[in-house]
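Tertiary structure, described
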Amino acid sequence: MVTAIRGNGCFVNGRKIDTSESKPVNIQDSIINVGFPVSKVETLMASSRATKALSLKVKGLRMFACASQVMAWVAQKKLNAYISWDLNSWDICAGLLLVNEAGGFVSDFNGTEATVETREMLISCQGANDNMTNVDGNENMSMHMEVLKILGEAECLESY
């Protein structure tokens, strides 16, 4: 069971988890869940473009439909990120707490920290500023920001 109390951390079966203490994930090593909202044609098409844009850049894509469960998996680093459109507060309240307490980051499509009112969001198991160093010793942008960049270039980030 995954639990969290604001300010006290995130726990799995009583064991504290903290994704901020682990090594940042590169985009090509990441497993990302893509939401597949079918309530509006626009969000369905954005999700399809996101799947296409990410498919050759990541290790794997998944499409699980329960936002709170997927966010719990991101908090545990079973998934590296989750992108979704047209979410409701009842879908994400618990997940926001779990991810934030585990050291992850939840943003809107502009990269601004998300709240329960945010409808479109990117959830990741690391902070937005957790930059990685490539083989040449140069710093790369975080996986979170790189996903937003890829999705922006594929025109997936409009709010609907």
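Everything numeric here is computed off the predicted structure, so don't read it as measured data.

Brief notes about the pairing of strand E6 (residues 81–84)
Each regular strand displays side chains that alternate between the two surfaces of the sheet. Judged by which residues are buried, E6 turns out to be covered on both faces: Ala81 and Ile83 on one side and Tyr82 and Ser84 on the other are all buried. Two elements, strand E4 (residues 31–34) and E6, share 3 bridges in a ladder whose sense is parallel. Each residue of the ladder has a partner; that of asparagine 33, found in E6, is tyrosine 82. Bridge count between E6 and strand E8 (residues 121–124): 4 bridges; the pairing is antiparallel. When the sheet's bridge partners are listed, alanine 81 is paired in E8 with serine 124.

So, the pattern of salt bridges
This model, assessed by the stated rule, comprises 3 salt bridges. In this structure, lysine 40 engages aspartate 86 in a salt bridge whose closest nitrogen and oxygen atoms are separated by 3.9 Å. In this pair, lysine 40 is assigned in the loop between E4 and helix H1 (41–55) and aspartate 86 in the loop between E6 and helix H3 (89–101), connecting sequence segments 46 residues apart. Residue class for lysine 40 comes out partly exposed when judged on its relative accessible area of 30%. Judged by relative accessible area, aspartate 86 falls into the buried class, the value being 14%. Residue arginine 119 pairs with aspartate 86 through a salt bridge whose shortest N-O separation is 2.2 Å. Placement of arginine 119 in the loop between strand E7 (105–107) and E8 and of aspartate 86 in the loop between E6 and H3 is noted, with a sequence separation of 33 residues between them. What makes arginine 119 partly exposed here is its relative accessible area of 34%.

The rules behind the values
Residues numbered from 1 in each chain as written. Predicted model: local features only at pLDDT ≥ 70, side-chain atom pairs only at ≥ 80, totals over all residues. Heavy atoms only, no water. Buried < 20%, exposed > 50% of the residue type's maximum accessible area, 1.4 Å probe, protein only. Helix = DSSP H or I, 4+ residues; strand = E, 2+ residues; numbered from the N terminus. Pairing = 2+ DSSP bridges. Salt bridge = Lys/Arg side-chain N within 4 Å of Asp/Glu carboxyl O.

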